[in-house]
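# Observations on the three-dimensional arrangement
As a plain string of letters, each chain reads:
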Amino acid sequence: MKGEAFDLSDVHCHFQGFPALGGVSLRINKGERVALAGPSGCGKTTLLRLFSASQASCTGSVRVFGQDAATMGSRELRRHRSNIALIPQNLGLVTSLRTYQNVALGKIGKRRFPSVLRSILFPSKAELRQIHHCLERVGISEKLYQSVATLSGGQQQRTAVARALFQEPQAILADEPVSSVDPARAESIVALLNDLAEEQSLTLAVSLHNIDLARRYFPRIVGMRAGKIIFDKAPKDISDVEFTDLYNLSQTELLDD
Amino acid sequence: MPSKFEIQSSKFRVLTPRRSTLLVLAATGLVCAIYLKLNPAQLLSGDGWKIASDFFAAALNPALEYEDGPAGAGWDPLLVKAAKGMLRTFQYALMAMSISLIGGLIFGFLGSHRWWPREPGRITKIILHTIYISTRAVMAFSRSIHELIWGLLFITAIGLSAEAAVIAIAIPYSGTLGKIFSEILDEQNPLTFQTLRDTGASAFSAFLFGTVAGAIPDLLTYTLYRFECALRASAVLGFVGIETIGYYIFASGNELHWREVWTYLYILIIVMIIVDRWGASVRRRLNAHTAAACIR
């Protein structure tokens, strides 16, 4: 697999006067697995949303799978988004629906309205089997018919991953996928995302607080702070000083957050 | 930082905002009572005491037959008449709610801004605001007039008919449902909608499968509650001549047949309790998963 998945050059972003990204250039190739590390508010989420063509860049160029995001029409934007699975930090599940219905929503961007409605209300046997397979892959196939609100935090996270799988994307982007689970579960989610990406040769970008997990599972780590990239290296090349510096916040930064 | 002295003095302030509000409310109540010449003794003067005691004594002894003697030929016995009246009351309420539900969903959608694009153009913005404000105005108008007054209006216009009763309830109820529905939709977590948009969904699909689907338990709970209100409204429409159980209560009451009145009241109360219990069980099942989520 050749070519770049995401290519940002000199991107600046401001939200209501607050700078989110200050001149970021970053290139991620297809099939690469990258961890974005850094304190909260450093621009990781903005970066992921730029990758998924969900966020308009303010200045600079954003190319997503070879195409300039700024030149895409709304139809093209939707097509791109339907090929990229973005798992937000809050997961974005519809808690009043059942697990299989939430997984089925992964294909909402690839289908016309009537067929989405059908897959929510009267899913075909073949489709249920496919959804069951996705849930099996993330280890919660027995929750197929359960209401999502009754699932634990870890199970909800896995449901969101299954939804991303069912989407059949070219890339999976996960924003802080381990923020709401205990360390053992955090590790298993990160391992699962890496396995899936490798298995299906997907591009994977994950934002992580947990530097230790990033180090053990990802061949490439991008360290960010205050909207800028501090380092972009393989884990073995990153010194301990660089890591501690990343989180060594000044007093004003601590109060800002 | 307030100084020590300021903290001390605020402790001894006599007129805090809360106290002065309560004082003003109490004074207003007193002025109103004097202006209306309210006199509790009036309740028991004249026949008041006797009628009240007759009425409540009859509660222990509801009528099973007409108080003027058994029904003549061609007339339903009292209990059959009461059951038929109750059934009609129920039918009016059900029909009115069916129409209100459709009206409420349309109003609720148009009166919500959850489905609006994030950065609408100038023209789109004007159109959206026009829709929003006119929907709010229509809803406010329809529900600020009570169903009894709508009933009188329609009875005057098209005569005493089933249509008049149903429409009289459906109009204000569409407005109320629409107002609450739009608020429920606007209170939904915007991130679900956003997630589906980020997956490539159109705004319409994201609204329906994210926002509306997420709101279903709340929408249903409120609709069930409104159905109970519609039952009461349907009964009350009897007082302006629609042949529901309220009509019989009114007629028997006029003749001081309190035992008959109680028969009708008991049937109404029993049906209300059944509907309430049924609604509660539906709510419990709907909210079972939400409760489980809270425990977690």
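Preceding block: the structure.
One structure accompanies this document, and this report is about it. (Residues numbered from 1 in each chain as written. Chains lettered and ligands numbered in written order. Predicted model: local features only at pLDDT ≥ 70, side-chain atom pairs only at ≥ 80, totals over all residues. Heavy atoms only, no water.)

### A closer look at the interface of chain B and chain A
Rules: Pairs of residues are marked as contacts when any of their non-hydrogen atoms sit within 4.5 Å. Salt bridge, as used here: a side-chain nitrogen of Lys or Arg that lies within 4 Å of a carboxyl oxygen of Asp or Glu. Think of a polar contact as two N or O atoms within 3.5 Å of one another; within protein, one of them needs to be a possible hydrogen donor and the other a possible acceptor, and neighboring residues in sequence only count if both atoms come from side chains.
Contacts between chain B and chain A engage 24 residues on the former and 32 residues on the latter. Across the contact surface, chain B and chain A share one salt bridge. With a shortest N-O distance of 2.8 Å, Asp198 of chain B and Arg49 of chain A are connected by a salt bridge. Between chain B and chain A we count four residue pairs in polar contact (both at pLDDT 80 or more) in total.

### Describing the environment of Arg137 of chain A
All names here are of chain A. Defined as follows: Every helix listed is a DSSP run of H or I at least four residues long, and every strand listed is a run of E at least two residues long, numbered separately from the N terminus. To sort residues, take the accessible area from a 1.4 Å probe on protein chains only and compare it with the maximum for the residue type: under 20% means buried, over 50% means exposed, and anything in between is partly exposed.
Tracing the chain through its elements places Arg137 in helix H5 (residues 125-138). Residue classification places Arg137 among the partly exposed residues on the basis of a relative accessible area of 28%. Along the sequence, Arg137 and Leu196 sit 59 residues apart, while their C-alpha atoms lie 8.8 Å from each other. Not counting chain neighbours up to four residues away, the residues in contact with Arg137 comprise Leu165, Leu192, Asp195, Leu196 and Glu199. Side chain to side chain, Arg137 and Glu199 meet in a polar contact 2.6 Å long.

### Structural notes on the sheet that holds strand E6 (residues 84-87) of chain A
Residues and elements named next belong to chain A. Note the following rule: One bridge is not enough; two strands pair if DSSP finds at least two bridges between them. Note on geometry: axes are C-alpha line fits, over the in-contact stretch for helices, and angles between N-to-C directions span 0 to 180 degrees.
The strand order E6-E7-E8-E3-E9-E10 describes an open sheet built from six strands, whose pairing is mixed. The sheet terminates laterally at E6 and strand E10 (228-233), the two strands that pair on one side only. Across the sheet, the axes of successive neighbouring strands diverge by a mean angle of 15°, strand direction being ignored. As paired elements, strand E3 (residues 33-37) and strand E8 (residues 203-208) share five bridges and run parallel to each other.

### Focus: the packing of helix H4 (residues 113-121) of chain A against helix H9 (residues 203-236) of chain B
Quick reminder of the rule: Here the angle decides the label: under 35 degrees means roughly parallel, over 145 means roughly antiparallel, 65 to 115 means roughly perpendicular, and every other value means oblique. Crossing handedness is read from the near helix: turned anticlockwise from the far helix by less than a right angle, it gives a left-handed crossing, and turned clockwise, a right-handed one. For this scheme, ten residues count as nonpolar: Ala, Val, Leu, Ile, Met, Phe, Trp, Tyr, Cys and Pro. Four count as charged, namely Asp, Glu, Lys and Arg, and the remainder, Gly too, count as polar.
Running from N to C, H4 of chain A and H9 of chain B cross one another at 15°; their axes reach a closest spacing of 11 Å. By the angle between their directions, the pair H4 of chain A and H9 of chain B is classed as roughly parallel. Considering how the two elements wind past one another, H4 of chain A and H9 of chain B form a crossing that is right-handed. Contacts between H4 of chain A and H9 of chain B pair Phe113, Val116, Leu117 and Ile120 of chain A from the former with Phe204, Ser205, Leu208 and Phe209 of chain B from the latter. Residue composition of the contact of H4 of chain A with H9 of chain B, grouped by class: seven nonpolar, one polar and no charged.

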